[in-house]
Amino acid sequence: MEERSAATGEVALPDGRRLVPSPGESAGALLARWDPARAHAMLAALWDGRPVDLAYVPGTAGALAPLTFEDRAGWEILQHSSAHLVAKGLVEVIPEALPTHGPPTDDGFYYDFDVRPLTPPDLQAIGEAMVRSVRAKEPFVRRELPREDARRLFASNPYKLRYIAASAENEAISVYDTGGFTDLCRGPHVPDTHWLEGVHLLGFSAVEPTEAGGRPLQRVRGVGFPTREQLSKFLKLREEAAARDHRTIGQRQELFFFTEQAPGFPFWLPNGMVIVRELERFVTEHLRKAGYAEIRTPLLFARSIYETSGHWEHYKENMFLTRLEDQEFGWKPMNCPGAMLIFGSRPRSYRELPLRLAEFAPLHRLEASGTLHGLLRVRELVQDDAHLFVTEEQIEPEIRVLLDWIREACATFRLEYSFELSTRPASFLGEAGDWDRAEAILARLLDGSGVPYRRSAGEGAFYGPKIDIHLKDSLGRPWQTGTIQLDFQQPRRFRLQYQGADGGLHTPAVVHRTILGTWERFVGILTEHVGGRWPPWLAPSQVRVLPVTDGQAGTAATVAAELQALGVRATAGASDATLPKRVRDAELERVPYIVVVGERETQDGSVSVRVRGAKGSRSMSRAEFGAYVTEKLRRREFDP
RNA sequence: GCCACUGUAGCUCAGUCGGCAGAGCGGCUGAUUCGUAAUCAGCAGGUCGGGGGUUCAAGUCCCUCCAGUGGCUCCA
């Protein structure tokens, strides 16, 4: 806590200095007096921990601190001010538009309007209006109004009236004027529109109406920077991110493709399949060590199975259904029913627990057409799935192992991840008490793991709470991959039992879990993460052996064959183009190792190796190179 | 599913006012035999997303369906 000065009107600053404001001196003026060198970067202030405008005049003693774009709070203020600028521009272009609200988000801001559907020319015109406002350097001026005046001011805007009605009786109603545009707002704001020089509109879309029966609102999204240089940097980063898009790389590297005739159903091409199989091997090796057994269960089940599992009631809309001889069947959207049936197929003993059953089967989910997104959201997918049938005591140690394994796996891929704890949804199976218990267990495990996590109330699966792992794509959008779900409901519904040491019959708990999630989404994320530069162990083509001329075609074939015998994916290239051209092709393919053999190498049994990402080439013996590569592959090293 | 936008050669894209469908890359053929990010020449390749309409004439205008993109909703 900031120490309050006893002396009336004395203002404490972050470095411990105290200043006495002259009458009417604003926070901005005080801060400029305190630190003139940094004054230009200050866009707002904290007064006793509360964000205020620089124009705010502190009447009493208190603590004052500057806010800049570098501070999260300052960043948000600039985003929010940018939203105001959008509203000003949009109302200039479409005077009958009703602004609703325009908050900052994780990565920018938006402003929602009740207005006819927008068009690209609208956006263009709005942008131009915003630029005019920025050039005019219009100040954000705060006014506080009596409620009645505020109601009159916004009489034509029911959304703003609702905010006024919802605000606390004792709260001042404040509005901000910006070059003739007035918006209801708590503030604070940047001093003037010139601060918004680096604002950039990202697009617009319809959003669901805030209330039933209302018409959809139009959302304009954007991001703000205090300077054009910072905006340019951002745009450049985005451009680079677009080049890493897995859909682009997947096409270039021939990893997968989609066709209009099967929307949302990926075709894995030979190169992509190499990656999937390597990932499968990576996970399967772990399963063997960690005491899992593998199973294979049907892709189709009669409706009654889903009625038992609860999917019929809670997931039917997302299922592909089909009729077989007058009976309704559904393609399985998850592997759990099959695992439940196997557990229940004969009497079980506590000695068999924990029973860990893994199944990598194709799953079908009828995702809405508008949500499909390359490999990141598909309708047919394969999870690295397993179900752990456990006693109550085994829950914690089993999940702890899973959390460790997730950390280890992410380290292998150098992926940054975050955990999310999702709790009981509105539509759930079983008793609230079971849920509380399960949620408490997961929370305790996460707390104990020391990894920060987010809590999402109401986001759990219908049968239990879960810990989700989130990975981000190249544009920073988060995607759920791995998941750990604790389920007391399905075992009960399937009447699963085991005989305990006490001779009695007990119902096991089930941990549903995936580590990488699905091959589809994981390969998609990983493609963007590595930008198509696959770690050698995953690279579809690991070594390209190039002869300098036809004369060394035999040498190239021999070298490639030697490497293949070591289990390396090596191919000998032809000499159908100039060497620089063939090197270029292999570089663009992101092959980790390009080996050149010419006359010299043929003579002395060496190879000239070009390692992806390294400058130049180096010479080594064939045996040395073979050992080098196989060691890289064995250790699953990230860099070649 | 909702809103907006987009769909032309394998890929990236041009195609003006409605008037003969184009380029680069890739592919194929030939020449070149090349020392670490593009050798040269020639050739092939198109139901202009599908269907319907307007028109003497449609890649271009209108309707409709499909798919994709960005959001929303939903979710691994």
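Everything numeric here is computed off the predicted structure, so don't read it as measured data.

Another point: the protein's contact with RNA strand B. Neighbouring RNA strand B are 54 residues, the closest being Ser205, Gln480, Arg584, Ser608 and Arg610. Within 4 Å of the protein, atoms of RNA strand B come from sugar and phosphate in 56% of cases. Within the side chain of Ser369, a nitrogen or oxygen atom sits 2.5 Å from a phosphate oxygen of RNA strand B. If you tally residues by element for the surface near RNA strand B, the top one is helix α17 (residues 579–588), at seven residues. Considering only residue class, the surface near RNA strand B consists of 18 nonpolar, 17 polar and 19 charged.

A word on the sheet that holds strand β6 (residues 98–99). Reading across the sheet, the four strands line up as β6-β7-β12-β11 and stay open at both edges, with antiparallel pairing between neighbours. Of all strands in the sheet, those with a lone pairing partner are β6 and β11 (200–207), marking the two edges. Pairing geometry for strand β7 (residues 109–114) and strand β12 (residues 217–223), over five bridges, is antiparallel. What sits directly across from Asp112, in β12, is Arg219. Relative to the sheet, helix α3 (residues 120–136) contacts β11 and β12, its axis offset from that of β11 by approximately 135°.

On to the packing of aromatic side chains. In this structure the tally under the stated criterion is 21 aromatic pairs. Seen in terms of ring centroids, Trp47 and Tyr56 are 6.4 Å apart; in terms of plane orientation they differ by 50°. Their pairing is tilted. Residue class for Tyr56 comes out partly exposed when judged on its relative accessible area of 29%. Ring centres of Phe282 and Phe413 lie 5.3 Å apart, and the angle between their planes is 80°; on these two criteria the pair is classed as edge-to-face. Highlighted residues: Phe282 in helix α8 (residues 270–289) and Phe413 in helix α12 (residues 395–413), separated in sequence by 131 residues. Like Phe282, the residue Phe413 is buried in the burial classification. Here the guanidinium or amino end of Arg437 rests over the ring plane of Phe488, the centre of that ring lying 4.5 Å away. The positively charged end of Arg618 is found above the aromatic ring belonging to Tyr628, 5.3 Å away from the centroid.

Another point: the sheet that holds strand β3 (residues 42–47). An order of β2-β1-β5-β3-β4 is seen for the five strands of this open sheet, with the pairing classed as mixed. In this open sheet, the two edge strands, each paired with only one partner strand, are β2 (18–19) and β4 (50–52). Bridging between strand β1 (residues 11–12) and β2 involves two bridges; their strand directions are antiparallel. Looking at β2, one finds that Ala12 is bridged to Arg18. Most of the contacts of helix α1 (residues 27–34) go to strand β5 (residues 62–68), to which it runs at about 80°, and overall it touches β1, β2, β3 and β5. Its contacts with the sheet put helix α2 (residues 72–93) on β3, β4 and β5, and the angle it makes with β5 is roughly 65°.

This part covers the nonpolar core. Among the nonpolar cores identified, the biggest contains 76 residues, and Leu279, Phe413, Leu516, Trp534, Val543, Val545 and Phe625 are the most heavily contacted of them. Sort the elements by how many residues they give to this core and α12 lands first, with nine residues. What Leu516 contacts, discounting residues up to four positions off in sequence, is Leu279, Val283, Asp384, Ala409, Phe413, Thr481, Gly482 and Phe522. Grouped together as the second largest cluster of nonpolar side chains are 36 residues, Leu90, Val115, Met130 and Val220 included.

This next bit is on the pattern of salt bridges. In this structure the tally under the stated criterion is 44 salt bridges. A salt bridge links Glu278 to Arg281, with the shortest nitrogen-to-oxygen separation between them at 2.9 Å. A residue pair is termed a helical-turn pair when its members lie 3 or 4 positions apart in one helix, as Glu278 and Arg281 do in helix α8 at three residues. Look at Arg281 and you get partly exposed, because its relative accessible area is 45%. Members of the salt-bridge network, linked through shared partners, are Glu631, Lys632, Arg634, Arg635 and Glu637.

Calculation rules
Residues numbered from 1 in each chain as written. Chains lettered and ligands numbered in written order. Predicted model: local features only at pLDDT ≥ 70, side-chain atom pairs only at ≥ 80, totals over all residues. Heavy atoms only, no water. Near = heavy atom within 4 Å. Polar contact = N/O pair within 3.5 Å; in protein donor to acceptor, adjacent residues only side chain to side chain. Helix = DSSP H or I, 4+ residues; strand = E, 2+ residues; numbered from the N terminus. Nonpolar A, V, L, I, M, F, W, Y, C, P; charged D, E, K, R; others polar. Pairing = 2+ DSSP bridges. Contact = heavy atoms within 4.5 Å. Axes fitted to C-alpha atoms, helices over the stretch in contact; angles between N-to-C directions. Phe/Tyr/Trp six-rings, centres within 6.5 Å; stacked < 30°, edge-to-face > 60°. Buried < 20%, exposed > 50% of the residue type's maximum accessible area, 1.4 Å probe, protein only. Lys NZ or Arg CZ within 6 Å of the ring centre and 35° of its normal. Core = buried A, V, L, I, M, F, W, Y, C linked by side-chain atoms within 4.5 Å. Salt bridge = Lys/Arg side-chain N within 4 Å of Asp/Glu carboxyl O.

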